[in-house]
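In case you want the letters, here they are:
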Amino acid sequence: MIEIRNITKTFGRQEVLKGIDLTVEKGEVVVILGPSGSGKTTLLRCLNFLEKPDDGTVNISGEQVNCKRPTKQEIHSLRKKTAMVFQHYNLFKHKTVLENVMEGLIIVRKLDRVEARVKSIEVLEKVGLGDKLDMYPSQLSGGQQQRVGIARALALEPEVILFDEPTSALDPELVGEVLSVIRKIAAEGITMIVVTHEMGFARDVSNHVVFMDGGVIVEEGKPNEIFRSPKEERTKQFLKRITPELTYDI
Amino acid sequence: MTLLITAVSLIGGFIIAVPAALVRINRVPVLSQIASAYVTVIRGTPMLMHLFLIYYGLPILIDSVSRKLNLGFTSVSIPIVYFVFVAFSLTAGAYMTEVIRAGIQAVDRGQVEAAYSVGMTPVQTFKRIVLPQALAVSLLNLSSEVIGMLHGTTLAFTVSITEINGRANIVASTNWKFFEAYIAAALMFWGLTVLIERVTARIEKKINTFNRGGVA
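None of these values were measured; they are calculated from a predicted model. (Residues numbered from 1 in each chain as written. Chains lettered and ligands numbered in written order. Predicted model: local features only at pLDDT ≥ 70, side-chain atom pairs only at ≥ 80, totals over all residues. Heavy atoms only, no water.)

S.K.: Explanation requested: the overall build of chain A in the structure shown.
M.R.: A tally of regular secondary structure across chain A gives ten helices and ten strands. On C-alpha atoms alone, chain A measures out to a radius of gyration of 18 Å, which is about the 18 Å that the 2.2 N^0.38 rule sets for 250 residues. By the burial criterion, 56% of the 250 residues in chain A qualify as buried. Relative to all contacts within chain A whose residues are 6 or more apart in sequence, the contacts with residues 24 or more apart total 63%. When the accessible surface of chain A is summed, it comes to about 10,800 Å², and 46% of that surface belongs to carbon and sulfur atoms. In chain A, 35 side chains carry a positive charge and 36 a negative one; their mean positions are 4 Å apart. (Helix = DSSP H or I, 4+ residues; strand = E, 2+ residues; numbered from the N terminus. Rg over C-alpha atoms; globule rule 2.2 N^0.38 Å. Buried < 20%, exposed > 50% of the residue type's maximum accessible area, 1.4 Å probe, protein only. Contact = heavy atoms within 4.5 Å. Areas by Shrake-Rupley, 256 points an atom, 1.4 Å probe, with all protein chains shown as cover. Lys, Arg positive; Asp, Glu negative; His and termini not counted. Charge placed at Lys NZ, Arg CZ, Asp CG, Glu CD.)

S.K.: How should the pattern of salt bridges be read in this particular structure?
M.R.: Opposite charge on two side chains allows them to pair when their charged atoms are near. What the rule picks out here adds up to 18 salt bridges over all chains. Its salt-bridge partner being Glu113(B), residue Arg45(A) comes within 2.7 Å of it at the nearest N-O pair. A residue pair is termed interchain when its members come from two chains, as with Arg45(A) in helix H1 (residues 40–47) and Glu113(B) in helix H5 (residues 109–118). Assigned by exposure class, Arg45(A) and Glu113(B) land together as buried. (Salt bridge = Lys/Arg side-chain N within 4 Å of Asp/Glu carboxyl O.)

S.K.: What exactly am I supposed to notice about the environment of Leu4(B) here?
M.R.: You can see Leu4(B) is positioned in helix H1 (residues 2–25). Expressed as a C-alpha distance, the spacing of Leu4(B) and Phe157(B), which sit 153 residues apart in the sequence, is 14 Å.

S.K.: Explain unusual backbone geometry to me, please; I cannot follow it from the model alone.
M.R.: Glycine aside, residues mostly have negative phi, and peptide bonds are mostly found in the trans state. Residue and element names in this part refer to chain A. Phi is positive for asparagine 6, close to 50°, though the residue is something other than glycine. Along the chain, asparagine 6 falls in strand S1 (residues 2–11). For phenylalanine 49, which is not glycine, the phi torsion reads 60° and is therefore positive. Positionally, phenylalanine 49 belongs in the loop between H1 and strand S4 (55–60).

S.K.: Which parts of the structure should I look at to understand the interface of chain A and chain B?
M.R.: Counting residues at the interface gives 29 residues for chain A and 25 residues for chain B. Together, the buried faces of chain A and chain B total about 2,300 Å²; carbon and sulfur atoms form 57% of this surface. Where chain A touches chain B, the interface holds three salt bridges. At the level of secondary structure, the elements contributing two or more residues to the side of chain A that touches chain B comprise helix H2 (72–81), strand S6 (82–85), helix H3 (97–107) and helix H5 (142–155) of chain A. (Buried area = accessible area lost by both parts, 1.4 Å probe.)

S.K.: Just to check I follow, could you spell out the sheet that holds strand S8 (residues 192–195) of chain A for this structure?
M.R.: For sheets, the rule is that strands pair by backbone hydrogen bonds, running either parallel or antiparallel. All names here are of chain A. Across the sheet, which stays open at both edges, the six strands sit in the order S6-S7-S8-S3-S9-S10 with mixed pairing between neighbours. Looking at strand neighbours, the two that pair on one side only are S6 and strand S10 (216–221), the edges of this open sheet. Strand-to-strand twist of the sheet, defined as the mean angle between neighbouring strand axes without regard to direction, takes the value 20°. (Pairing = 2+ DSSP bridges. Axes fitted to C-alpha atoms, helices over the stretch in contact; angles between N-to-C directions.)

Here it is, written out as structure tokens:
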């Protein structure tokens, strides 16, 4: 279980997060929606301390970290419990597909090479890249690279996988293959927090939708509630602008 | 002797350059200023000067320290070639600092974040993700540095180390065939340089396998 309490973050004079509280149960798929600049990516990055929050607490399955004065060990063990999938994939360019996935297993999880290899191949097959093991990232399409990114995260068996706009940098044609992989692993009961603009995905796959704007959570609830009958005016506006088709769809 | 001096200087230079580059990139207070002063002073003065300053200056320092601490140890007992190692390592280090610094900065920040997100420590990230790619980026410049150092070793002759050039000089002064001796020495340097170029090309080919193709 993940518990975030009163997270704040300021960049210069810009207050990006103004006290965020969020609870995520084990096995839940939480989608964070919101206009750009609303702080959703920053919130996600605060969870594994790629950004250090100014204040608040983060608790991931018992590892409680006070954000004011986190120790290096606390940050390290928090990062070991999480994994992240990036907008721009961020694969290790000098390593093959297989090595990208094995890296964390060998260096962080301390598996021996044979175990790491078996595990990595298994995960890569799950994301449909069993035939690309020895390719380098530069030889793959964006969608394939992102699936390697997902495999790299998945192989670590983290408590939660953080997805930071995983399909935003992809050609529209390639979005589908990545989303279907995410759907597949969501169905396996892996806890996920997903920042995305894919409304269809949010509606179909998530258990919980969070709408953020201006550094606060404006509204949260079941996807049905948020999409069909949003309570807040700001949420209505946002949904209307971003998903005109929904008004006909439902 | 030429090869030994080249190798030791480059390894010494590398050992100086990596931390110096890191310190400069991370703007570590004090150390960063020291590193950048080191780079500008060394790059701003000729290699022969470094050799002379170390060769004549370091013994004085060592002797005075030794005397103060009563170590009963004098600089005369240190082989001259060690001073050459120190001087040329300092030279190579300064040039390599800049080459490696540029290489490190060419590795995108996203991969560092990815490594952290996987749970790697900063040291693991640097060793396994950043440094290999930084060296790959720096390869051509580093290879020039290796060649430059190889040729620079001829200066060691001035402090009575007999490397290739020095050997040529000695041979020539016994039989008066200066031209032939220097041609022979030049051919040896050229041969070594070609070898370095070949090795570089081979490594480059390997690197190009992962750099090939557009960045999607």
